[in-house]
Amino acid sequence: MMTKNKTMPNIALGAWSWGVGAAGGDQVFGNHLFEEDLKPVFEAAMEKGLNLWDTAAVYGEGTSERILGNLVKETARGDVILSTKFTPQIASDSPDAMQEMLNGSKERLHADMIDIYWIHNPMDVEKWTPKLIPLAKSGQIRTIGVSNHNLAEIKRVNEILNSEGLKVSAVQNHYSLLHRSSEQAGILDYCKKNGITFYAYMVLEQGALTGKYNQEHPFPEGTGRGDSYNPHLKKLERLVEELKRIGKEHDASPAQVATAWAVAKGTLPIIGVTKVSQVEEAAGAARIKLNAEEVSRLEKLGDETGVRTLREWEKEM
């Protein structure tokens, strides 16, 4: 996919776990990471050509955007692709609420234009979709995406945008070996037929599919991911073991195999990064080509876990 003159990498890097505050790295992930921690991560990613960064105004009450912006400001604007989101739940009552939130994002990101601007969730498709139109026509946003929308909502957004000569260019939904509802609902097929890039978030289930966590080494207690995944770690053992086994055949980690699965399904995975080693893993995942039998085997084991990882902000597609 091209974003105007920019070539998209086949893996995006996520900054959700950067910073602190409501819906931020401390509360969701148990992290407390700021510029000094993340500068080496950013630099390693850019060196490897992983220049597509995904964040949102709501992550850590803007601290994720602020950290990313402070790292980006020393980089040539043409060398980085910025993806951020309008979240209806935190919008003001102003008729210019979307413009106001975009202004805040641009300020924090030190950017005059956002490459991909998303409506974070479909709180009111009829109300919020038209607000994107003047932002796109004025050149403040380069392409339009919708996140956490079901197929009917995506089609309706496209109808509204098409009437003004615009379109949905990207869909971003939760998609992993434990959560394939977007595939089952026909969203992946719709995206392929209509030239829409499907961004898969939580491909690694916030670390549950990396092999790092198990019953003896659970997620941090009192965090969003600890509450969501610790009760299911036993059920994930067979799937994680298969990720390890396939990984040995490809000289890859479980996380790389889970990422390669998402790429094999025609999606663009978003991988959260907080360490240089994770950047290196993400870059390495791009070279792995899983065969159809490996993909099928992983999906069968994923289904057999019986684990459903729908989170509090999501719905079945």
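Every value quoted in this text rests on a predicted model; they were computed, and no experiment measured them.

About the cut-offs
- Positions within a chain are numbered from 1, following the residues in the order the chain's sequence is written.
- Confidence filtering applies because this is a predicted model: local features only for residues at pLDDT of at least 70, side-chain atom pairs given and counted only at 80 or more, and all residues used for totals across whole chains, interfaces and linings.
- In computing side-chain properties, one takes all heavy atoms of the structure into account and sets aside hydrogens as well as water.
- The secondary structure listing takes helices from DSSP runs of H or I that are at least 4 residues long and strands from runs of E that are at least 2 residues long, numbered from the N terminus.
- With the radius of gyration taken over C-alpha atoms, the globule rule is written as 2.2 Å times the number of residues to the power 0.38.
- Working definition: with a 1.4 Å probe on protein chains only, accessible area under 20% of the residue-type maximum means buried, over 50% means exposed, and in between means partly exposed.
- In what follows, residue pairs with any heavy atoms lying within 4.5 Å of each other are defined as contacts.
- Two strands are counted as paired when DSSP detects at least two bridges linking them.
- Helix axes are fitted to C-alpha atoms over the stretch in contact, other axes to C-alpha atoms as well, and angles between N-to-C directions run from 0 to 180 degrees.
- By convention in these notes, a salt bridge is any Lys or Arg side-chain nitrogen within 4 Å of a carboxyl oxygen on Asp or Glu.
- Aromatic contacts are taken between Phe, Tyr and Trp rings whose centres are within 6.5 Å, Trp giving its six-membered ring; a plane angle under 30 degrees counts as stacked, one over 60 as edge-to-face, and the others as tilted.
- For the purposes of these results, a polar contact is taken to be a pair of N or O atoms within 3.5 Å, where, inside protein, one atom must be able to donate a hydrogen and its partner to accept one; residues adjacent in sequence count only when each atom of the pair is a side-chain atom.
- The length a helix should cover is 1.5 Å for every residue beyond the first.
- By definition, the arc is the one covered by directions from the helix axis to the C-beta atoms.

**Student:** I tried to follow the overall build of the protein chain on my own but got confused; where do I start?
**Tutor:** The secondary structure content of the protein chain amounts to 13 helices and ten strands. A compact globule built from 317 residues should have a C-alpha radius of gyration of about 20 Å, and the protein chain, at 19 Å, falls within 12% of that. Residues counted as buried form 59% of the 317 residues belonging to the protein chain. For the protein chain, long-range pairs separated by at least 24 residues make up 78% of all intrachain contacts whose partners lie at least 6 apart in sequence.

**Student:** Is there a simple way to think about the sheet that holds strand 4 (residues 52–54) in this case?
**Tutor:** Backbone-to-backbone hydrogen bonds pair the strands of a sheet. The strands run either parallel or antiparallel. Judged by pairing direction, the barrel is parallel, and its eight strands sit side by side in the order 3-4-5-6-7-8-9-10 before closing back on the first. Put simply, the sheet's adjacent strands are angled 30° from each other on average, direction ignored. Two elements, strand 3 (residues 12–14) and strand 10 (residues 268–272), share three bridges in a ladder whose sense is parallel. Note on strand 10: the bridge partner recorded for L13 is I271.

**Student:** Explain the pattern of salt bridges here, please?
**Tutor:** Note that side chains of opposite charge can pair when their charged atoms are close. Under the defined criterion, the tally for this structure stands at 23 salt bridges. In this structure, R142 engages D115 in a salt bridge whose closest nitrogen and oxygen atoms are separated by 2.7 Å. Of the two residues, R142 is situated in strand 7 (residues 141–147) and D115 in strand 6 (residues 114–119); the sequence distance between them amounts to 27 residues. Ionic pairing is found between R297 and E293, a salt bridge with its closest N-O pair at 2.2 Å.

**Student:** What should I look at first to understand the packing of aromatic side chains in this one?
**Tutor:** Ring pairs (aromatic) are described by centroid distance and by the angle formed between their planes. Tallied over the full model, the rule gives eleven aromatic pairs. When the centroid spacing of 5.4 Å and the interplanar angle of 80° are considered together, the rings of W16 and W313 count as edge-to-face. Here W16, found in the loop between strand 3 and helix 1 (25–29), pairs with W313, found in the segment after helix 13 (292–304); they are 297 residues apart in sequence, far enough to count as distant. When the ring of F86 is compared with that of W128, the centres are 4.8 Å apart and the planes differ by 55°; the resulting orientation is tilted. Here F86 is found in strand 5 (residues 81–86), whereas its partner W128 is found in helix 5 (residues 125–137), with 42 residues between them in sequence. W128 carries the same exposure label as F86, and that label is buried. Through a chain of ring-to-ring contacts, the aromatic side chains of W16, F29, Y59 and W313 assemble into a single cluster.

**Student:** Hey, could you run me through the environment of T87 in this one?
**Tutor:** Looking at the secondary structure, you find T87 in the loop between strand 5 and helix 4 (97–109). We classify T87 as buried; its relative accessible area is 5%. Discounting chain neighbours no more than four positions away, the residues touching T87 are V58, M101, H120 and N121.

**Student:** Where do I start with helix 12 (residues 276–285) in this structure?
**Tutor:** Since the α-helix turns once every 3.6 residues, residues separated by three or four places project in the same direction. Of the residues making up helix 12, those classed as buried are V279, A282, G284 and A285. Looking at the buried side of helix 12, the elements it contacts are strand 3, helix 2 (35–47) and helix 11 (254–264).

**Student:** Sorry if this is basic, but what is going on with the side chain of N150 here?
**Tutor:** Within the secondary structure, N150 is located in the loop between strand 7 and helix 6 (151–162). Separated by 3.3 Å, the side chain of N150 and the backbone nitrogen of A152 make a polar contact. Leave out the neighbours within four places in its chain, and N150 touches I187, K315 and M317.

**Student:** Can you help me understand the pairing of strand 10 in this one?
**Tutor:** Residues in a regular strand point their side chains to alternate faces of the sheet. Of all five residues in strand 10, four are buried; the element is thus mostly enclosed. As paired elements, strand 9 (residues 197–201) and strand 10 share two bridges and run parallel to each other. What sits directly across from Y199, in strand 10, is L268.

**Student:** Can you walk me through unusual backbone geometry in this structure?
**Tutor:** Excluding glycine, residues mostly have negative phi values, and the peptide bonds linking residues are mostly trans. In the Ramachandran plot, N148 falls in the positive-phi region, its phi being about 60° despite a non-glycine side chain. Its place among the elements puts N148 in the loop between strand 7 and helix 6. The phi dihedral of M202 is positive, around 60°, even though this residue is not glycine. Residue placement: M202 occurs in the loop between strand 9 and helix 9 (224–229). Here M202 falls in the buried class, since its relative accessible area comes to 7%.

**Student:** Any chance you could explain helix 13 here in plain terms?
**Tutor:** Its 13 residues place the ends of helix 13 18 Å apart at the C-alpha level, agreeing with the 18 Å of an ideal helix rising 1.5 Å per residue. Among the residues of helix 13, those classed as buried are E294, V295, L298, E299, L301 and G302. On an axial view of helix 13, the arc spanned by its buried residues comes to 165°, and they lie on one face. Pointing more than 90 degrees away from the buried face of helix 13 are the exposed residues A292 and K300. The inward-facing, buried residues of helix 13 contact helix 10 (237–250) and helix 11. For helix 13, the capping residue at the N-terminal end is N291, with a side-chain oxygen 3.1 Å from the backbone nitrogen of E293. Phi turns positive, to about 75°, at G306, one or two residues after helix 13.

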